[in-house]
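In case you want the letters, here they are:
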Amino acid sequence: MEDDDGGLFNIEVSSGDEAGNESEKVPRDFQSEEDFQRQRAEWKPKVEAGELWRSLNLPMDNPSKAESQTILHAIEELYFFKRYEEALKVVGEALQGKLNEDFRKTLVDYKTRCQKKIHNTTAS
């Protein structure tokens, strides 16, 4: 049976409040030229120099996803700058906390990598 009026799915709901606010809505990505120039003048690039680990409060029990990423980024940063002993120390401190299995496995992997790099550096 077909309904010529559109049936149940042809319901139009509107309130007076919504209709009045439509003309006042500003696009989500709108930014005035003045705001843009102010933000542009204040902007400075973020330069990472291997010091992210200083902001960590370790050991940490059950870190959130964001906290886990910060810990991992700090370790990766030290590893990238070939500061393997410091990275190993941060990994050791992080492993003292209560961590989920996957994150613990990742940290153990970095611990192993750092130990190998330190061994290869001292053996050379």
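So, here's what we can say about the structure. (Residues numbered from 1 in each chain as written. Predicted model: local features only at pLDDT ≥ 70, side-chain atom pairs only at ≥ 80, totals over all residues. Heavy atoms only, no water.)

## Re the pattern of salt bridges
Phase 1: Counted by the stated rule, this structure contains 3 salt bridges.
Phase 2: The residue Asp109 makes a salt bridge to Arg113 at a minimum N-O spacing of 3.2 Å. With Asp109 and Arg113 both in helix H5 (residues 101-123), this residue pair falls 4 residues apart, about one helical turn.
Phase 3: When its relative accessible area of 35% is taken as the criterion, Asp109 is described as partly exposed.
Phase 4: The exposure class assigned to Arg113 is partly exposed, which follows from its relative accessible area of 36%. (Salt bridge = Lys/Arg side-chain N within 4 Å of Asp/Glu carboxyl O. Helix = DSSP H or I, 4+ residues; strand = E, 2+ residues; numbered from the N terminus. Buried < 20%, exposed > 50% of the residue type's maximum accessible area, 1.4 Å probe, protein only.)

## Description of the nonpolar core
Phase 1: Leu58, Ile71, Ile75 and Leu107 are the most contacted members of the largest nonpolar core, which totals 20 residues.
Phase 2: Among the elements of the structure, helix H3 (65-80), helix H4 (84-95) and H5 are those that each provide at least two residues to this core.
Phase 3: With 6 residues, H4 is the single largest residue contributor to this core.
Phase 4: Excluding residues that lie within four positions of it along the chain, Leu58 makes contacts with Ile71, Val90, Glu93 and Ala94. (Core = buried A, V, L, I, M, F, W, Y, C linked by side-chain atoms within 4.5 Å. Contact = heavy atoms within 4.5 Å.)

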